[in-house]
Amino acid sequence: MSDWTPRLRGRLLVLDGPDGCGKSTQLRMLLGWLGQRGLDPVEVREPGGTAIGERIREILLDPACEEMDLRCEMLLYMASRSQLCRERIAPALAEGATVVSDRFLSSTLAYQGTAGGLSFEEIAAVGSVATGGIEPDLTVILDVDEAIADERLPADRDRIEQRGPEFHRRVRAGFLEQARVWPDRYAVVDTTPPPEEVFAALLDRLQSAALRWQQPAAPAARSPTG
């Protein structure tokens with residue numbers, strides 16, 4: 001695999017999927033794997049990842065904020081994302097680092113879009129401003145049946161996790177639809193098997209994507225505007 005791992009430098013990789021998909025486990029495994037190969041990955045998360053973003057995260061996930069309007073919710077996610085792109089993601093990509101993000105714009109499209117009811121066009125327009133044009137090189141959707149996902153969630157759930165099974169069914173459908181529409185930029189991995197098997201499948205998808213990329217990434221083309 002050493003022949004393709006250098007292609008991961010200067011790339012933005014996103015792990016995403018429904019709550020309870022096993023994303024945290026796969027993220028830790030991927031970060032460890034990248035580190036063992038000398039890529040020194042930069043880990044970020046959404047919402048959060050910066051001092052400002054973490055304060056926004058507290059509001060977004062607080063069950064006490066149940067009266068939050070859907071557009072307010074979407075815009076708060078975008079505000080956190082904007083700060084993250086400018087403060088951490090863009091500088092890291094410009095230095096040729098491999099950035100691994102726990103969620104990105106794909107989550108907004110699934111949660112506030114497909115499941116929440118906001119239009120793709122509205123989210124995409126705001127997202128373009130928030131990210132400054134930064135796009136993931138690969139978004140891996142960690143897919144799992146919503147019943148299994150529900151069993152994996154903790155008893156003490158945040159504001160988003162507390163939403164009912166029908167909402168989370170739509171979230172899952174939203175992620176799978178994105179992968180169908182953008183097959184060159186997305187990959188889907190079933191997280192029902194044991195974590196080691198899931199990770200092997202994740203690496204297989206990552207290798208397939210990396211072999212399509214030029215080497216190395218062009219840092220100047222990845223910086224946000226504004």
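Here we summarise the structure given alongside this text. (Residues numbered from 1 in each chain as written. Predicted model: local features only at pLDDT ≥ 70, side-chain atom pairs only at ≥ 80, totals over all residues. Heavy atoms only, no water.)

## Side note on the overall build of the protein
- A count of helices and strands for the protein gives 8 helices and 5 strands.
- When the elements of the protein are put in sequence order from the N terminus, they spell out β-α-β-α-α-β-α-α-β-α-α-β-α.
- What you see for the protein is a C-alpha radius of gyration of 17 Å, in line with the 17 Å of a compact globule of 226 residues.
- If you line up the protein on its principal axes, its C-alpha atoms span 50 × 45 × 30 Å.
- Classification of the 226 residues of the protein by burial places 50% in the buried group. (Helix = DSSP H or I, 4+ residues; strand = E, 2+ residues; numbered from the N terminus. Rg over C-alpha atoms; globule rule 2.2 N^0.38 Å. Buried < 20%, exposed > 50% of the residue type's maximum accessible area, 1.4 Å probe, protein only.)

## Things to note about helix α2 (residues 51–61)
- Turning to α2, its buried residues are G53, I56, R57, L60 and L61. In a view along the axis of α2, the buried residues occupy a sector of 120°, so they form one face of it. Projecting away from the buried face of α2 at angles above 90 degrees are the exposed residues A51, R55 and E58. (Arc of directions from axis to C-beta.)

## Some thoughts on the sheet that holds strand β5 (residues 186–190)
- Pairing is parallel across the open sheet formed by 5 strands, whose spatial order is β2-β3-β1-β4-β5. Each of the sheet's edge strands pairs with one partner strand only, and the pair in question is β2 (42–45) and β5. Within this sheet the neighbouring strands show an average axis-to-axis angle of 20°, counted without direction.
- The strands touched by helix α3 (residues 70–94) are β1 (12–16), β2 and β3 (99–102); relative to β2, the strand with the most contacts, the crossing angle is about 160°. (Pairing = 2+ DSSP bridges. Axes fitted to C-alpha atoms, helices over the stretch in contact; angles between N-to-C directions. Contact = heavy atoms within 4.5 Å.)

## Structural notes on the side chain of D137
- Tracing the backbone through its elements, the reader meets D137 in the loop between α5 (120–131) and β4 (138–143).
- Overall, the relative accessible area of 13% leaves D137 in the buried class.
- At a separation of 3.1 Å, a polar atom in the side chain of D137 contacts the side chain of R11. (Polar contact = N/O pair within 3.5 Å; in protein donor to acceptor, adjacent residues only side chain to side chain.)

## Digging into the packing of aromatic side chains
- Scanning all chains against the criterion turns up 5 aromatic pairs.
- Aromatic side chains Y111 and F167 sit 6.1 Å apart centroid to centroid with 50° between the ring planes, which places their arrangement in the tilted category. Taken together, the residues span a long stretch of sequence, with Y111 in helix α4 (residues 105–115) and F167 in helix α7 (residues 165–181) at a distance of 56 residues.
- Residue classification places Y111 among the buried positions, given a relative accessible area of 5%.
- Measuring from centroid to centroid gives 5.9 Å for F120 and W182, while their planes differ by 40°, and the two rings are tilted. On the criterion of sequence distance, the pair formed by F120 in helix α5 and W182 in the loop between α7 and β5 is long-range, its members being 62 residues apart.
- Overall, W182 belongs to the partly exposed group, its relative accessible area being 23%.
- Just above the ring of F104 sits the side chain of R81; from NZ or CZ to the centre is 5.7 Å. (Phe/Tyr/Trp six-rings, centres within 6.5 Å; stacked < 30°, edge-to-face > 60°. Lys NZ or Arg CZ within 6 Å of the ring centre and 35° of its normal.)

## Some points on the packing of α3 against α4
- Contact geometry for α3 and α4: axes closest at 11 Å, N-to-C directions at 175°. Classified by the angle between their axes, α3 and α4 sit roughly antiparallel to one another. Every residue of α4 that contacts α3 at L70, E73, M74, Y77, M78 and R81 is listed here: L105, T108 and Q112.
- Each residue belonging to the contact of α3 with α4 can be placed in one class, and the counts come to 5 nonpolar, 2 polar and 2 charged. (Parallel < 35°, antiparallel > 145°, perpendicular 65-115°, else oblique. Nonpolar A, V, L, I, M, F, W, Y, C, P; charged D, E, K, R; others polar.)

## Examining the nonpolar core
- If you look at the biggest cluster of nonpolar residues, it comprises 27 residues, and the most contacted ones within it are L8, L30, L138, L206 and W213.
- Looking at this core, the elements that each hand over two or more residues are β1, α1 (23–36), β4, β5 and α8 (195–210).
- The leading source of residues in this core is α8, at 8 residues. (Core = buried A, V, L, I, M, F, W, Y, C linked by side-chain atoms within 4.5 Å.)

## Section: the state of the cysteines
- Considering all chains together, one arrives at 0 disulfides under this definition.
- Left without a disulfide partner, C65 is nearest to the cysteine sulfur of C72, which lies 8.9 Å away.
- The closest cysteine sulfur to the non-disulfide-bonded C85 is located on C72, 20 Å from its own sulfur. (Disulfide = S-S within 2.5 Å.)

## Let's talk about the side chain of D143
- Within the secondary structure, D143 sits in strand β4.
- In this view, D143 contacts R172, L176, V188, V189, D190 and T191; residues no more than four positions away in its chain are not counted.

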